[in-house]
Amino acid sequence: MSRVAQLDSVVLDQEVDHLIWNIFQKDFKVSKYAEECQFLLRCLVFICGSKSVDGVNTTTYGSRLSGVYYLCRKRTLFVSNILIHYLYRKLSNLYFSSNNISERTLRLYRWISTLYGVLDLTTFLRFLLSDGNTKYLSLTNRLLGIVTSVDMLSPSSFYQDTVYAGLEYQNRQLLWNALLEVFNSTLMNSNKYLWDTRKKRDKPANETTCPECNGFPVNPYRSSCCRANYCYICGMKALAREHCTNCGNTKPAMQQVY
């Protein structure tokens, strides 16, 4: 549960960043210096959404909701979550957009790219092999000494309420679907509740008109109760619901008209 809470805190922070950036991009349509604008917005969100407790513990928007806190200073968490990602993206853009790059710069980029790939793979393996008491969310946090911890004694009530609310909603949906299924299969198809279709008609049988579709009987079948001529398909419908449309008999029988 602690590992899931740690990953949830990261996802929540990323969703806030993406949401604010999409709104900003929609209103201002930034094309030049887009990365710098996104970096400044992420810095603003981090400054406003994070909180330092006693100068030792730091929480972000997502970590507070999931009951996670970081045992580090606020500036250290900023370097890990914001600054390193920005520098990596700038270096990647420089590598792909410029043609006059020295061999040393290319080797540096390849080394950093490989390091990031190893970090991502290691993070995934640590997630699979974690026993629930993982201290570090990633190797980047390990290198910077950022310890991640979860308050298991009194976890965030908002996080718990969100999980329980989702389960309660699913349970209610299942119950509602079951009631609809019972109503549809039992009540609607029951002869007892189809009182409006069981009313007997005083209209005499017409050999040239199907009482079900009011058309000329195609491949006609005649009911034994009132000798009304049905189309073959209409007669099968009347037999399936055990109701003669013409006279209201509850158990009609059909015989083909030659």
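Residues numbered from 1 in each chain as written. Predicted model: local features only at pLDDT ≥ 70, side-chain atom pairs only at ≥ 80, totals over all residues. Heavy atoms only, no water.

The protein chain is annotated in an unreviewed UniProt entry as RING-type E3 ubiquitin transferase (cysteine targeting) from Candida glabrata. UniProt, in its Sequence similarities (unreviewed entry) section for the protein chain, records the words "Belongs to the pex2/pex10/pex12 family." Listed in UniProt under the heading Catalytic activity (unreviewed entry), the comment for the protein chain reads: "[E2 ubiquitin-conjugating enzyme]-S-ubiquitinyl-L-cysteine + [acceptor protein]-L-cysteine = [E2 ubiquitin-conjugating enzyme]-L-cysteine + [acceptor protein]-S-ubiquitinyl-L-cysteine." (UniProt positions renumbered as here; feature names shortened; annotations may be inferred.)

Asks: Looking at this structure, I do not really get the sheet that holds strand β5 (residues 221-223). What am I missing?
Replies: The strands that make up a sheet are held in pairs by hydrogen bonds between backbone atoms, and each pair lies either parallel or antiparallel. Reading across the sheet, the three strands line up as β6-β5-β7 and stay open at both edges, with antiparallel pairing between neighbours. A strand with exactly one partner marks an edge of an open sheet, and here the two such strands are β6 (229-230) and β7 (254-256). (Pairing = 2+ DSSP bridges. Helix = DSSP H or I, 4+ residues; strand = E, 2+ residues; numbered from the N terminus.)

Asks: Even after reading the chapter, I still don't get empty space enclosed by the protein, so can you show me in this structure?
Replies: Taken as a whole, this structure holds one cavity of 30 Å³ or more when the rule is applied. Put simply, the largest cavity is a space of about 80 Å³. Forming the walls of the largest cavity are E35, Q38, F39, R42, I82, H85, Y86 and R89. For the lining of the largest cavity, the secondary structure elements donating two or more residues are α2 (34-49) and α4 (74-97). Residues that form the lining of the largest cavity fall into these classes: three nonpolar, two polar and three charged. (1 Å grid on protein atoms, 1.4 Å probe; cavity = no way out; pocket = protein on both sides within 12 Å on 5 of 7 lines; lining within 4 Å. Points joined across faces, edges and corners; volume = space filled by probe spheres on them. Nonpolar A, V, L, I, M, F, W, Y, C, P; charged D, E, K, R; others polar.)

Asks: Explain the layout of surface pockets to me, please; I cannot follow it from the model alone.
Replies: Over the atoms, a rolled probe matching the size of one water molecule traces out where space is still vacant. Computed from the structure, the largest pocket encloses a volume of approximately 960 Å³. Around the largest pocket, the lining is made up of 31 residues, and of these V10, Q14, R42, N81 and H85 lie nearest the centre. Only α1 (2-28), α2, α4, α5 (103-129) and α6 (139-144) provide two or more residues apiece to the lining of the largest pocket. Grouping the amino acids of the lining of the largest pocket by side-chain chemistry returns 13 nonpolar, 13 polar and five charged. In this structure, the second largest pocket spans a volume of roughly 190 Å³. I84, L87, Y88, L91, W111, I112, L115, Y116, L119, T140 and L143 are the residues that line the second largest pocket. Looking at the lining of the second largest pocket, the elements with two or more residues in it are α4, α5 and α6. Here the element with the most residues in the lining of the second largest pocket is α5; it accounts for five residues. Residue composition of the lining of the second largest pocket, by class: ten nonpolar, one polar and no charged.

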